[in-house]
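Per-entry structural report
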Amino acid sequence: MAVKALIVRDGHVLMNRVVTPDGTVLHGPPGGGQEHGEDQVAALVRECREEIGAEVEVHQVACVYEVQSVSRLRDGVPIPPFHQVNVAYWCGLADGQEPGPGSDPDPGQDGTDWLPIGHLAEHEVHPPGLAQWLEADPSSRPIGLGVLPL
């Protein structure tokens, strides 16, 4: 189980920027796994502090999606079969907070970017189905997205 932050401001969504060994730039929402005894909100606040260097306010669940893989996204190295359920929450930056260097960024993470929601297809956002969901009419967005290909 993992939690993800969907932080939207002025028509842009905040995404972690990851640079692969071959120089490809990938984007994905900040967040990660829960630690033992940690609730989802506490996990998301901690993960955002570690990855985007900012305190966030967690609002409501936006969507739930799953990912499955047999290789690491950032470099294609084979891994044991991986299956993760992600709960994405609408979040906001706490007063006076702006994204910056986190205390414990993900491997390959090279900062963050505010990506325009209407142009997510121009970026390599993972999972792509989440980008399509963000670009959809809000009145037609389902909560459960099922398994999204990476």
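Everything numeric in this text was worked out from a predicted model, so none of it was measured.

Here's the deal with the pairing of strand β1 (residues 2-9)
Here β1 lies mainly inside the structure; six of its eight residues are buried. Sheet topology places β1 next to strand β4 (residues 31-33); three bridges connect them, and they run antiparallel. Counted as the bridge partner of Ala2 is Gly33 from β4. Here β1 runs beside strand β6 (residues 78-93); their pairing, made up of six bridges, is parallel. When the sheet's bridge partners are listed, Leu6 is paired in β6 with Trp90. Direction of pairing for β1 relative to strand β2 (residues 12-19): antiparallel, over a ladder of two bridges. Bridging across to β2, Arg9 finds its partner in His12. Between β1 and β2, which follow one another and run antiparallel, lie two residues, and Asp10 among them has a positive phi close to 50°.

Some words on the nonpolar core
Core analysis: the biggest nonpolar cluster contains 18 residues, and Tyr65, Leu130, Trp133 and Leu134 have the highest contact counts within it. Mapped by element, the contributors of at least two residues to this core are β2, β5 (56-71) and α2 (128-135). Those residues within four positions of Trp133 in sequence are excluded, and the remaining contacts are Leu6, Ala62, Cys63, Trp90, Arg141, Pro142 and Leu145. One finds Cys48, Val56, Val87 and Cys91 within the second-largest nonpolar core, a separate group that totals 15 residues.

A few points about the pattern of salt bridges
Counting across every chain of the model gives nine salt bridges. Among the ionic pairs, Arg46 bridges to Glu38, the shortest N-O distance being 2.8 Å. Judged by relative accessible area, which is 12%, Arg46 ranks as buried. Given the relative accessible area of 16%, Glu38 is considered buried. Three or more residues joined by partner-sharing salt bridges are found here, namely Glu35, Glu38, Arg46, Glu47 and Glu50.

Focus: the environment of Met1
Note on placement: Met1 falls in the segment before β1. Using a relative accessible area of 52% as the deciding quantity, one classes Met1 as exposed. Apart from the residues lying within four places of it in its own chain, the contact partners of Met1 are Gly33, Gln34, Gln40, Val85 and Val87.

Topic: unusual backbone geometry
Omega for the peptide link from His126 to Pro127 comes to -5°, which places this bond in the cis form. Within the secondary structure layout, Pro127 lies in the loop between β7 (109-116) and α2. Of note, the phi angle at Asp10 is positive, near 50°, even though the residue is not glycine. Tracing the backbone shows Asp10 in the loop between β1 and β2.

Concerning the environment of Ala2
With respect to the secondary-structure elements, Ala2 resides in strand β1. Here Ala2 falls in the buried class, since its relative accessible area comes to 0%. Each C-alpha atom of the pair Ala2 and Glu66 lies 9.6 Å from the other, and the pair is 64 residues apart in sequence. Ignoring any residue separated from it by four or fewer positions in sequence, one finds Ala2 in contact with Gly32, Gly33, Gln84, Val85, Asn86 and Val87.

Quick notes on the rules
Residues numbered from 1 in each chain as written. Predicted model: local features only at pLDDT ≥ 70, side-chain atom pairs only at ≥ 80, totals over all residues. Heavy atoms only, no water. Buried < 20%, exposed > 50% of the residue type's maximum accessible area, 1.4 Å probe, protein only. Helix = DSSP H or I, 4+ residues; strand = E, 2+ residues; numbered from the N terminus. Pairing = 2+ DSSP bridges. Core = buried A, V, L, I, M, F, W, Y, C linked by side-chain atoms within 4.5 Å. Contact = heavy atoms within 4.5 Å. Salt bridge = Lys/Arg side-chain N within 4 Å of Asp/Glu carboxyl O.

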